[in-house]
Amino acid sequence: DAADRDPGNAALWLEIARWRRPQWEYQLLADPEDAAHIANETRKAAELAGQLDPHNMAAKRSLFEAFLLFRKFSKTLAPERIVALNRLIGEIAEREPLEEVPLRFRLVRILLERGTGDGLEAEFSTLLRLDRAEGSPHGKLSPDQKAEVIEGAMKLLKNPPKDLLEEWTR
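Computed from a prediction, not measured in an experiment: that's the story for all the values here.

(A) Helix 6 (residues 100-114), seen in detail. Its 15 residues place the ends of helix 6 21 Å apart at the C-alpha level, agreeing with the 21 Å of an ideal helix rising 1.5 Å per residue. For helix 6, the complete set of buried residues consists of E100, V101, L103, R104, F105, L107, V108, I110, L111 and L112. On its buried face, helix 6 is in contact with helix 4 (58-73), helix 5 (78-95), helix 7 (120-132) and helix 8 (143-156). Backbone geometry just downstream of helix 6 places G115 in the positive-phi region, at approximately 75 degrees.

(B) Highlighting the pattern of salt bridges. Summed over the entire model, instances satisfying the criterion amount to 13 salt bridges. Across the salt bridge formed by E15 and R18, the nearest N and O atoms sit 2.2 Å from each other. One end of the pair is E15 and the other is R18, both in helix 2 (residues 10-30) and three residues apart, which spans about a single turn. Residue E15 is classed as partly exposed on the basis of its relative accessible area of 25%. A relative accessible area of 41% means that R18 is categorised as partly exposed. Its salt-bridge partner being E113, residue K72 comes within 3.2 Å of it at the nearest N-O pair. With K72 in helix 4 and E113 in helix 6, this residue pair connects regions lying 41 residues apart in the sequence. Taking the relative accessible area as the measure of exposure, K72 reaches 30% and is therefore partly exposed.

(C) Highlighting the nonpolar core. Formed by 46 residues in total, the largest nonpolar core has its most connected members in L120 and F124. Secondary structure elements with two or more residues in this core: helix 2, helix 3 (32-52), helix 4, helix 5, helix 6, helix 7 and helix 8.

(D) Inspection of the side chain of T42 at higher detail. Assignment of secondary structure puts T42 in helix 3. Setting aside chain neighbours within four positions, we find T42 in contact with A17, R20, R21, A66 and F70.

(E) Structural view of the packing of aromatic side chains. Evaluated as defined, the whole model comprises two aromatic pairs. When the ring of W24 is compared with that of F70, the centres are 4.7 Å apart and the planes differ by 55 degrees; the resulting orientation is tilted. Taken together, the residues span a long stretch of sequence, with W24 in helix 2 and F70 in helix 4 at a distance of 46 residues. Neither W24 nor F70 differs from the other in exposure class; each is buried. Aromatic ring contacts, followed pair by pair, group W24, F67 and F70 into a single cluster.

Cut-offs applied
- Residues numbered from 1 in each chain as written.
- Predicted model: local features only at pLDDT ≥ 70, side-chain atom pairs only at ≥ 80, totals over all residues.
- Heavy atoms only, no water.
- Helix = DSSP H or I, 4+ residues; strand = E, 2+ residues; numbered from the N terminus.
- Expected span 1.5 Å × (residues − 1).
- Buried < 20%, exposed > 50% of the residue type's maximum accessible area, 1.4 Å probe, protein only.
- Contact = heavy atoms within 4.5 Å.
- Salt bridge = Lys/Arg side-chain N within 4 Å of Asp/Glu carboxyl O.
- Core = buried A, V, L, I, M, F, W, Y, C linked by side-chain atoms within 4.5 Å.
- Phe/Tyr/Trp six-rings, centres within 6.5 Å; stacked < 30°, edge-to-face > 60°.

All we've got here are geometric facts, nothing functional implied.
Now the structure itself:
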């Protein structure tokens, strides 16, 4: 009702998008058809907030959180969601370069939690390449984070190429 009375309030639309994420998780189990509707409304709310306040990175982060959640719990549109997540990471990193590695780490963790090798090799390689960049312009993984993703990737990727194995263990 508040959004209807104040449709130009970007912060309110971001809050609505945030509230819809747990609702989507519930509906995914209770009514998958309605979950798709809620996912669409969540995306629209975050995108509208971004249009209303284009300089605020919160809308892109809200979309990132939503797509990450959708990728974690749903198998539908998985490749499209990875593309969307990568696009959002790029847009956020353009203005906040030190956030790229932490965001990519979260994406790789979701892929590891899903237990799927689909897209994992490329995302994992990108994460480690950015983490190794001299001077850490993209951010840095902690030793524990690096060990966690390497261990997980080694379990999921049955036959990684030898050159990739060497790169991962540097």
